[in-house]
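Structural description and commentary
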Amino acid sequence: KAAKIVRKEWNLGTDPIYNTMELLEDNHIKVIPVESEDSFDGMQTWVNHSIPVIVINTSKLKVNERIRFTVLHELGHLLLPMDGLNEKAKEKYCNQFAAAMLFPREAADMELGRKRNKMFIQEFGELKKQYGISIQALIYRANDLGIISNSYVKQLIFLMESNNWKIVEPVEYIGDEGSNRFKQLLFRALAEEQISMSKAAVLYNQTLNEFRKQIM
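Now for a description of the structure that goes with this document. None of the values given here were measured: they were computed from a predicted structure. (Residues numbered from 1 in each chain as written. Predicted model: local features only at pLDDT ≥ 70, side-chain atom pairs only at ≥ 80, totals over all residues. Heavy atoms only, no water.)

Let's shift gears to the overall build of the protein chain. Helix and strand counts for the protein chain come out as 11 helices and three strands. Going from N to C terminus, the protein chain has its helices and strands arranged as α-α-β-β-β-α-α-α-α-α-α-α-α-α. Expressed along its principal axes, the backbone C-alpha trace of the protein chain runs to roughly 65 × 35 × 35 Å. Burial statistics for the protein chain: of 216 residues in total, 40% are counted as buried. Where the 28 positive side-chain charges of the protein chain centre and where its 28 negative ones centre are 4 Å apart. (Helix = DSSP H or I, 4+ residues; strand = E, 2+ residues; numbered from the N terminus. Buried < 20%, exposed > 50% of the residue type's maximum accessible area, 1.4 Å probe, protein only. Lys, Arg positive; Asp, Glu negative; His and termini not counted. Charge placed at Lys NZ, Arg CZ, Asp CG, Glu CD.)

See below:
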């Protein structure tokens, strides 16, 4: 229900989300990629109780579908009412929220049907390429929607583990995942002479010479 509300408020319909980072930044949520140790995938907070911020660990998240899922998982932490729930339950709900954002019920009905007794991994692979959600997440999403049974999920996950596909899946999602909002605002502020060239270089984490060459 939460994912449906967000998709409606952001006028997404049921189409695949092209770029999750840009989508969130277009809706006033700051997304900051950092390179850090492997202790976390992502985190979120409210700055000054009013500015939502999500941090993504790009050292750990190497493929776009994991970045997309993590961004929306952290969005779930920001939006979902989960007071009183334990950490395991919170993580489960945020995973389900992320999957519902990436692969809504209407898309599942159209692509998979309401009930299936058998599916090929290749079918999930084609959906991964279209919707930018991992095969593993699609399997669990189909189960959450009642399309496939718990026992069939176990069979599919066993198949993936047997082929080492849980680490590197057999199908690659090729998509553009990132945000240029900070760069855009920086160059705008510079063009309108709201900041100096040296200040822009510092904000862009470059020396003045490096930044000036890029501008030229």
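On we go.
Before going further, it helps to spend a moment on the nonpolar core. Core analysis: the biggest nonpolar cluster contains 51 residues, and L24, F103, I139 and I148 have the highest contact counts within it. Of the residues forming this core, the biggest block, seven residues, is contributed by helix α4 (residues 87-102). Setting aside anything within four residues of it in sequence, one finds I148 in contact with R116, M119, I139, A142, N143, V153 and L156. Listed in part, the five residues of the second largest apolar core include L190, A200, A201 and F211. (Core = buried A, V, L, I, M, F, W, Y, C linked by side-chain atoms within 4.5 Å. Contact = heavy atoms within 4.5 Å.)

Mapping T20 onto the fold places it in helix α2 (residues 20-26). Excluding residues within four positions of it along the chain, T20 makes contact with R68, V71, L72, L102 and E177.

This paragraph deals with the sheet that holds strand β2 (residues 42-47). Strands in a sheet are paired, the pairing made by backbone hydrogen bonds, and the direction either parallel or antiparallel. In spatial order, the strands read β1-β3-β2; together these three strands make up an open sheet with mixed pairing. The sheet terminates laterally at β1 (30-34) and β2, the two strands that pair on one side only. On average, each strand axis in the sheet is tilted by 20 degrees relative to the strand beside it, whichever way the strands run. Summarising the sheet, β2 and strand β3 (residues 51-57) pair through six bridges and their orientation is antiparallel. Along β3, the bridge assignment pairs W46 with P52. (Pairing = 2+ DSSP bridges. Axes fitted to C-alpha atoms, helices over the stretch in contact; angles between N-to-C directions.)

Taken together, the buried positions of helix α6 (residues 121-131) are occupied by I121, F124, G125, L127, K128 and Y131. Viewed along the axis of α6, the buried residues span an arc of 165 degrees, placing them on a single side of the element. The inward-facing, buried residues of α6 contact α3 (64-79), α4, α5 (105-112), α7 (135-144) and α8 (150-162). Directly after α6, the chain includes G132, whose backbone phi takes a positive value near 70 degrees. (Arc of directions from axis to C-beta.)

Right, let's get into the environment of L138. Along the polypeptide, L138 turns up in helix α7. The spacing of L138 and A100 is 38 residues in sequence and 9.8 Å in space, taken between C-alpha atoms.

Turning to the side chain of E169, a few remarks are in order. In this fold, E169 is placed in the loop between α8 and α9 (181-191). A distance of 3.3 Å separates a polar side-chain atom of E169 from the backbone nitrogen of Q136. In this structure E169 touches K128, S134, I135, Q136 and M160, once residues within four positions along its chain are discounted. (Polar contact = N/O pair within 3.5 Å; in protein donor to acceptor, adjacent residues only side chain to side chain.)

Quick look at the packing of aromatic side chains now. Applying the stated rule across the entire model yields four aromatic pairs. Between the aromatic rings of F187 and Y204, the centroid separation amounts to 6.4 Å while the plane-to-plane angle is 50 degrees, which identifies the pairing as tilted. Here Y204 lies in the loop between α10 (197-203) and α11 (208-215) and F187 lies in helix α9, a separation of 17 residues in the sequence. An angle of 65 degrees between the planes, with centres 5.8 Å apart, marks the rings of Y204 and F211 as edge-to-face. Take F211: its relative accessible area is 0%, and that puts it in the buried class. An aromatic cluster is built from F187, Y204 and F211, whose rings are joined through pairwise contacts. (Phe/Tyr/Trp six-rings, centres within 6.5 Å; stacked < 30°, edge-to-face > 60°.)

For T70, the position within the fold is in helix α3. With a relative accessible area of 7%, T70 lands in the buried category. Along the chain, T70 and T20 lie 50 residues apart, while their C-alpha atoms are 9.8 Å from each other. Non-local contacts of T70, meaning those with residues more than four positions away in its chain, are made with D41, G42, I56 and L61. At 2.8 Å, the side chain of T70 forms a polar contact with the backbone oxygen of R66.

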